[in-house]
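# Observations on chain architecture
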Amino acid sequence: MSFDIQIIKARTDAALGRKEMWRSLLKDAYEYFLPQREVWDYYSPGTTKTTRIYDSTGQVAIKEFANRMMSAITPQGQVWAEMVPGLNHPKEIRENKEVLAKLSEVNRVLFEYINQSNFYTIIGESYLDLAIGTAGVTIEEGDADSPLVFGIINQAEVGYEIGPSGLIENVFRKRTHQAVNIPRAYPDGKYSVRVTDAVNKKDHTAECVVIECMIFEPKTKNYWLLVYEEGQPDFIWQVNRGKASPWIIYRWAVTHGEIRGRGPVLDALPDQRSLNKVKEFALQKAAIELAGLWTGQDDGVFNPYTINVQPGVIIPVSTNLTSN
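One structure accompanies this document, and this report is about it. (Residues numbered from 1 in each chain as written. Predicted model: local features only at pLDDT ≥ 70, side-chain atom pairs only at ≥ 80, totals over all residues. Heavy atoms only, no water.)

Check the secondary structure of the chain and you find 9 helices and 8 strands. Over its C-alpha atoms the chain spans a radius of gyration of 28 Å, topping by over 25% the 20 Å that the globule rule assigns to 324 residues. Its C-alpha atoms give the chain principal-axis dimensions of roughly 110 × 55 × 45 Å. Taken over 324 residues, the chain has a buried fraction of 36%. Within the chain, contacts between residues separated by at least 24 positions form 61% of all contacts whose residues are at least 6 apart in sequence. Summed over its atoms, the accessible surface of the chain is roughly 20,100 Å², and 54% of this surface lies on carbon and sulfur atoms. (Helix = DSSP H or I, 4+ residues; strand = E, 2+ residues; numbered from the N terminus. Rg over C-alpha atoms; globule rule 2.2 N^0.38 Å. Buried < 20%, exposed > 50% of the residue type's maximum accessible area, 1.4 Å probe, protein only. Contact = heavy atoms within 4.5 Å. Areas by Shrake-Rupley, 256 points an atom, 1.4 Å probe, with all protein chains shown as cover.)

Ranked by size, the top nonpolar core spans 33 residues in total, and within it Ile62, Tyr127, Ile132 and Val265 carry the most contacts. Going through the elements one at a time, helix 2 (23–33), helix 3 (57–73), helix 5 (97–116), helix 6 (119–132), strand 1 (134–141), strand 2 (148–152) and helix 9 (264–291) are the ones with two or more residues in this core. In terms of residue count, the dominant contributor to this core is helix 6 (9 residues). Among all residues touching Tyr127, those that are not within four sequence positions of it are Phe65, Ala66, Met69, Met70, Ile73, Thr74 and Tyr250. Of all hydrophobic cores here, the second largest spans 24 residues; its members include Ile153, Cys208, Met214 and Ile236. (Core = buried A, V, L, I, M, F, W, Y, C linked by side-chain atoms within 4.5 Å.)

As for its placement among the helices and strands, Arg173 is situated in strand 4 (residues 168–178). With relative accessibility at 8%, the residue Arg173 sits in the buried group. Through-space distance from the C-alpha of Arg173 to that of Arg37 is 18 Å; in sequence the pair is 136 residues apart. In contact with Arg173, other than residues within four places in its own chain, are Glu157, Val158, Val210, Ile211, Glu212 and Trp247. Within the local environment of Arg173, its side chain forms a polar contact with the side chain of Glu212, the two groups lying 2.7 Å apart. (Polar contact = N/O pair within 3.5 Å; in protein donor to acceptor, adjacent residues only side chain to side chain.)

Among the surface-exposed residues, Trp294, Ile307, Val309, Val313 and Ile315 lie close enough to one another that they form a single nonpolar patch of about 440 Å² accessible area. Positionally, Val309 belongs in the segment after helix 9. (Patch = residues over 30% accessible without salt bridge, like charges linked within 9 Å, V, L, I, M, F, W, Y side chains within 5 Å. Salt bridge = Lys/Arg side-chain N within 4 Å of Asp/Glu carboxyl O.)

Okay, the sheet that holds strand 6 (residues 222–229) next. The 5 strands are arranged 3-4-5-6-7 in an open sheet whose pairing can be described as antiparallel. Looking at which strands have only one partner, the edges of the open sheet turn out to be strand 3 (158–162) and strand 7 (235–242). Neighbouring strand axes in the sheet, compared pairwise and without regard to direction, differ in orientation by 15° on average. Two strands pair when backbone bridges link them, and strand 6 and strand 7 are joined in this way by 6 bridges, in the antiparallel orientation. Bridging from a neighbouring strand, Leu225 pairs with Val239 of strand 7. Strand contacts of helix 1 (residues 5–20): strand 3, strand 4, strand 5 (207–217), strand 6 and strand 7, with the helix running at about 105° to strand 3, the strand carrying the most contacts. (Pairing = 2+ DSSP bridges. Axes fitted to C-alpha atoms, helices over the stretch in contact; angles between N-to-C directions.)

What follows is the structure, given as C-alpha cells:
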C-alpha cells in the first residue's frame, strides 16, 4: 500500500489543529481535577503544578470515579470478559462443548497475560482521562517475560479523525523522541541524517519530533502505522498492523459536530472553579485575621520595603516610647 506523505502531513496538521480548539477547556479541566497530569501548558520537569489550587474536592472526586470504573468494568484479579462463539456462528458451534472448552482455555491464558502485565496501572490512568471526556490506551506485543505491553495516550499529543459512522478511525500523535531511540522504536526504518549521526555518536542529548499516524484503509480494512520525522520528506516507517488497531480510543459522550468526548468533569468544572475561588478567598481572609494588617512610617530608619514581620525578628527603631 502506498501513501502520499504530503497528504498524510496535511491530515495530521488538520487533526492536530482541531485538538488546539480544545486546549483552553481541557487545560482548565486537568488543572482543577488532575493538576499533576496537566500537560496542555509547558512545564519543565519537576515544576509544581498546584500553585493555583486551593480546594482538592475535584481531585478526590475524579480518583473515586476511576476507582469505581475499575471495580465495575475491569476489576483486578477477576475474569471480567469471556470468549464465546458469536451469533454469526451456527447453533451447533455455539453449543459445541469442545469449542467452548478451547475458548475457555484461551480466555484463561489471556487473563494470565493481562494479570502479569501493566494493564491495571494503565487502565486506571485512562479512566481518569475518560472522566474528562476522551481516553486511550495502546496494546503492543512484548517479550516472553511480558507478552502484553500497555501504554497510556497523552491527550495533549493526539488529534483524531472520524469515519462515516462517527467513530474514531484515525489517530495522529506528535511526540518528542531521543534521536538514539528512533531505531529501537522503529527498526529497519529510513532514518534522517540527524538520527544516524546521534546513533553513531551515541548522543543521548539530541532530540527529534516524530509523528505517528494510525490510518484505517477502508478497501482492505487494514490499519497502517505511518511514522515520519518532522521536517523530513519521507516516512521512517510504514507497517501494516492488520485488521485491529493497537490504539483503543473511547469517549464518554459526544456532542454533535465534535470529535472529542465530554465527560462528567466538564459538567462539574464551573462548580469546581467557584469552589476553588471561594476557598482562596477564605484562606486570604484567615491570613489577614491571624497576621493582621500593618502600616509603617518611612522615616529614614524604618524601611517598609525591606521589613519582615514574623516571630523572632528584631525590627530596629529609634525608640519604643510614645510621645504624650
